[in-house]
Amino acid sequence: MNWQAVRAIYVYEMTRFFRTLLQSLISPVISTSLYFVVFGAAIGSRIDQVEGVAYGAFIVPGLIMLTVVTQSISNASFGIYFPKFIGTIYELLSAPVNFLEIVAGYVGAAATKSLVIGLIILGTAFFFVELRILHPVWMLSFLVLTCVSFALLGFIIGIWARNFEQLQLVPLLVVTPLVFLGGSFYSISMLPPAWQTVTLFNPVVYLISGFRWAFFEQADVPVALSLLAILGFMTLCLAAIWWIFRTGWRIRN
Amino acid sequence: MPDIVSVRDLDKTYAGGFRALKSVSLGIRQGEILALLGPNGAGKTTLISTICGITTPTSGSVEVAGHDVVRDYRAARQLIGLVPQEINLEPFEKVINTVRFSRGLFGRRRDDAHVESVLRQLSLWDKRDSKTVELSGGMKRRVLIAKALAHEPRVLFLDEPTAGVDVDFRRDMWETVRRLQADGVTIILTTHYIEEAEAIADRIGVIARGEILLVEEKDSLMRRLGRKEMRLDLHEPIAAVPDSLSGYKLQRSDEGGALIYTYDTSAERTGIARLFSDLTAAGLRLRDVQTSQSSLEEIFVDLVRDGQ
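Computed from a predicted structure; not experimentally measured.

A. Main features of the overall build of chain B. Scanning chain B for helices and strands turns up 10 helices and 14 strands. Along the first, second and third principal axes, the C-alpha set of chain B runs to 75 × 45 × 35 Å. Buried positions account for 49% of the 308 residues belonging to chain B. Across chain B, every contact between residues at least 6 apart in sequence was considered, and the portion connecting residues at least 24 apart equals 69%. Split by element, the accessible area of chain B, about 14,600 Å² in all, is 45% carbon and sulfur. Averaged over its 43 positive side-chain charges, chain B has a centre that lies 4 Å from the centre of its 46 negative ones.

B. Spatial organisation of the packing of helix H3 (residues 95-105) of chain B against helix H4 (residues 112-121) of chain B. Residue and element names in this part refer to chain B. Axis separation between H3 and H4 bottoms out at 11 Å; the angle between their running directions is 120 degrees. Relative to H4, the element H3 is oriented oblique. Between H3 and H4 lies a crossing whose hand is right-handed. On the side of H3, the interface is formed by Val 95, Ile 96, Val 99, Arg 100 and Arg 103, while H4 contributes Asp 112, His 114, Val 115 and Leu 119. Of the residues assigned to the contact of H3 with H4, the class counts are five nonpolar, one polar and three charged.

C. A look at the side chain of Ser114(A). One can find Ser114(A) in helix H5 (residues 99-128). When near neighbours in sequence (up to four residues on either side) are disregarded, Ser114(A) contacts Val68(A), Gln71(A), Ser72(A), Asn75(A) and Cys147(A).

D. Summary view of the interface of chain B and chain A. Listed as interface residues are 31 residues of chain B and, on the opposing side, 25 residues of chain A. Between chain B and chain A, roughly 2,700 Å² of surface is buried when both sides are summed, and carbon and sulfur atoms account for 54% of that area. The tally of links from chain B across to chain A stands at five salt bridges. For Arg19(A), the salt bridge is made with Glu93(B), and the minimal N-O distance between the two is 3.0 Å. If you list the elements that add at least two residues to the side of chain B that touches chain A, you get helix H2 (73-78), H3 and helix H5 (137-149) of chain B. Residue contributions to the side of chain B that touches chain A peak at six residues, all from H3(B). Its residues assigned to classes, the side of chain B that touches chain A comprises 13 nonpolar, 10 polar and eight charged.

E. Region of the structure containing the sheet that holds strand E3 (residues 33-37) of chain B. Residues and elements named next belong to chain B. If you walk across this open sheet you meet the six strands as E6-E7-E8-E3-E9-E10, and the pairing is mixed. Only two strands of the sheet have a single partner each, and these edge strands are strand E6 (80-83) and strand E10 (211-217). Direction aside, neighbouring strands of the sheet carry axes that sit 15 degrees apart on average. The pairing of strand E7 (residues 155-159) with strand E8 (residues 186-191) spans five bridges and is parallel. Within E8, the position partnered with Val 155 by the bridge is Thr 186. Strand contacts of helix H1 (residues 44-52): E3, E6, E7, E8, strand E9 (203-208) and E10, with the helix running at about 150 degrees to E7, the strand carrying the most contacts.

F. Quick look at the sheet that holds strand E11 (residues 227-234) of chain B. All names here are of chain B. Sheet architecture is open: four strands sit in the order E12-E13-E11-E14, paired in antiparallel fashion. Among the strands making up the open sheet, the edge pair consists of strand E12 (251-253) and strand E14 (286-293). Here the strands of the sheet are splayed against their neighbours by 25 degrees on average, with no regard to which way each runs. The sheet strands contacting helix H9 (residues 272-281) are E11, strand E13 (258-264) and E14, and the helix crosses E11 at an angle near 20 degrees.

G. Highlighting the environment of Gly183(A). Residue and element names in this part refer to chain A. Relative to the elements of secondary structure, Gly 183 occurs in the loop between helix H7 (164-180) and helix H8 (193-199). Measuring from C-alpha to C-alpha, the distance between Gly 183 and Val 204 comes to 8.2 Å, with 21 residues separating the pair along the chain. Excluding residues that lie within four positions of it along the chain, Gly 183 makes contacts with Ile 208 and Arg 212.

H. Just the packing of aromatic side chains, in detail. Residues and elements named next belong to chain A. By the definition in use, this model includes 21 aromatic pairs over all chains. Seen from their ring centres, Tyr 35 and Phe 185 are 5.8 Å apart, and the 40 degrees between their planes marks the pair as tilted. Separated by 150 residues along the polypeptide, Tyr 35 in helix H2 (residues 21-43) and Phe 185 in the loop between H7 and H8 bring together distant segments of the chain. You can call Tyr 35 partly exposed: its relative accessible area is 24%. According to the relative accessible area criterion, Phe 185 is buried, its value standing at 10%. When the centroid spacing of 5.9 Å and the interplanar angle of 45 degrees are considered together, the rings of Trp 243 and Trp 249 count as tilted. Classification of Trp 243 as partly exposed rests on a relative accessible area of 39%. Residue classification places Trp 249 among the partly exposed positions, given a relative accessible area of 28%. Feature note: the residues Phe 99, Tyr 106, Phe 155 and Phe 245 constitute an aromatic cluster, connected by ring pairs.

Conventions adopted
- Residues numbered from 1 in each chain as written.
- Chains lettered and ligands numbered in written order.
- Predicted model: local features only at pLDDT ≥ 70, side-chain atom pairs only at ≥ 80, totals over all residues.
- Heavy atoms only, no water.
- Helix = DSSP H or I, 4+ residues; strand = E, 2+ residues; numbered from the N terminus.
- Buried < 20%, exposed > 50% of the residue type's maximum accessible area, 1.4 Å probe, protein only.
- Contact = heavy atoms within 4.5 Å.
- Areas by Shrake-Rupley, 256 points an atom, 1.4 Å probe, with all protein chains shown as cover.
- Lys, Arg positive; Asp, Glu negative; His and termini not counted.
- Charge placed at Lys NZ, Arg CZ, Asp CG, Glu CD.
- Axes fitted to C-alpha atoms, helices over the stretch in contact; angles between N-to-C directions.
- Parallel < 35°, antiparallel > 145°, perpendicular 65-115°, else oblique.
- Left-handed = near helix turned anticlockwise from the far one by under 90°.
- Nonpolar A, V, L, I, M, F, W, Y, C, P; charged D, E, K, R; others polar.
- Buried area = accessible area lost by both parts, 1.4 Å probe.
- Salt bridge = Lys/Arg side-chain N within 4 Å of Asp/Glu carboxyl O.
- Pairing = 2+ DSSP bridges.
- Phe/Tyr/Trp six-rings, centres within 6.5 Å; stacked < 30°, edge-to-face > 60°.

Printed below as a string of structure tokens:
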């Protein structure tokens, strides 16, 4: 394992994060705070408890997931797309590194960034709502796993994309709807039975449910299933990236 | 000197069906400067990219210091530095950070003293905290070289290092290349400037249409490339070349209205001055004189034709 290379990529990517700290941090924190104000305070005050949890607190895990998922994807996809776009990818391709080291560097940095943002949003939530975390270790584990898995997905999108438009396409058309419809703002049990079944095909439901369980011990699907789903998704992404580097798809001539 | 890079029967056909390399075999000697000359689209960049791992070969093999570039890519790539043709740099990164990144990427521990020495060698130390976007074109190219040297490679590939740069920078670059050679680095550079190959190379390889046409010591090749023709238009056509001029191997042209003299520009004596006095002595009067040198393109065409 070329740890020096992993470290080099990680540090380089994190330097970019710190260079653009204001836009990297402030923007997601502000937008999430707006969600808290609108859904938590304004609308939430008119809604009763959901599954025994105050609505303002109930939406916290979903909101964190919403931001963490979109940030992981955009950080990782941009991280690998940018060298492709400006041509510096030649260096990566000619370096003595394998796909795991490249992924560890880029995805590690992208996941770290979104983890930091997720934790800051969690901290911000305490200003708006009364919040208890019943299983902090599981909460952190779900958060880390989500950051890593979606950074892996972002990495694939970054390699797949041929232009900036395509880079935005999947997050905009697929991921955001899935997260919004994945139970960020409601419990699945609130839906009509038919839609409950349909929703179970949305992988994000398992993420949000597991994450919410770590906060309130309240879940839409069994927590073990949530864990399995996220691990399965991560394995799938890793396999895809392994294939990409093996065949050189869209990166090597 | 033993070969540090051995290319054997290397073939590359791109997905679209274009065959960029046709069974290329080439040995690069340790410590030499090899210039790969060829017109645009000859396969120079594909050859370098394949050796460096950016392009996957269709068939054939490449070894660097005995390490296969596909099977044993880690060991092989650690020995190679690549300066690409295009100026590819992350615009908002500081010079020193981008050089440190390259060193780490190639598996080397951080070594600020080495990075400083590379930057000083390339006159970049004063610019170490500048963003690359703020640098001039020549400076950016130096940063690319610094990045390639950051991990102390033994073989350095320079792909068209002086394309589109001014004369001063070109001379600076040649000086840098010679210094690197003195430090024991083997250098392969591609160019389509014959003067460049002449100025710094030990050997010259000619590549065209994906084939290596020849690899030769520079001195002997320059003698071949340095041949020039002089056309002497006469006032009165002649039926035969006078015996007194037989030593010049003149050829009659335009039904005796002109004579063609071929000479070697790199030779100590071209024989021109003596030819003029002998022409006068033979009673031949000149109307006009023209000289022409076969261009590199023409030599390529000749070489390809000979190869068929």
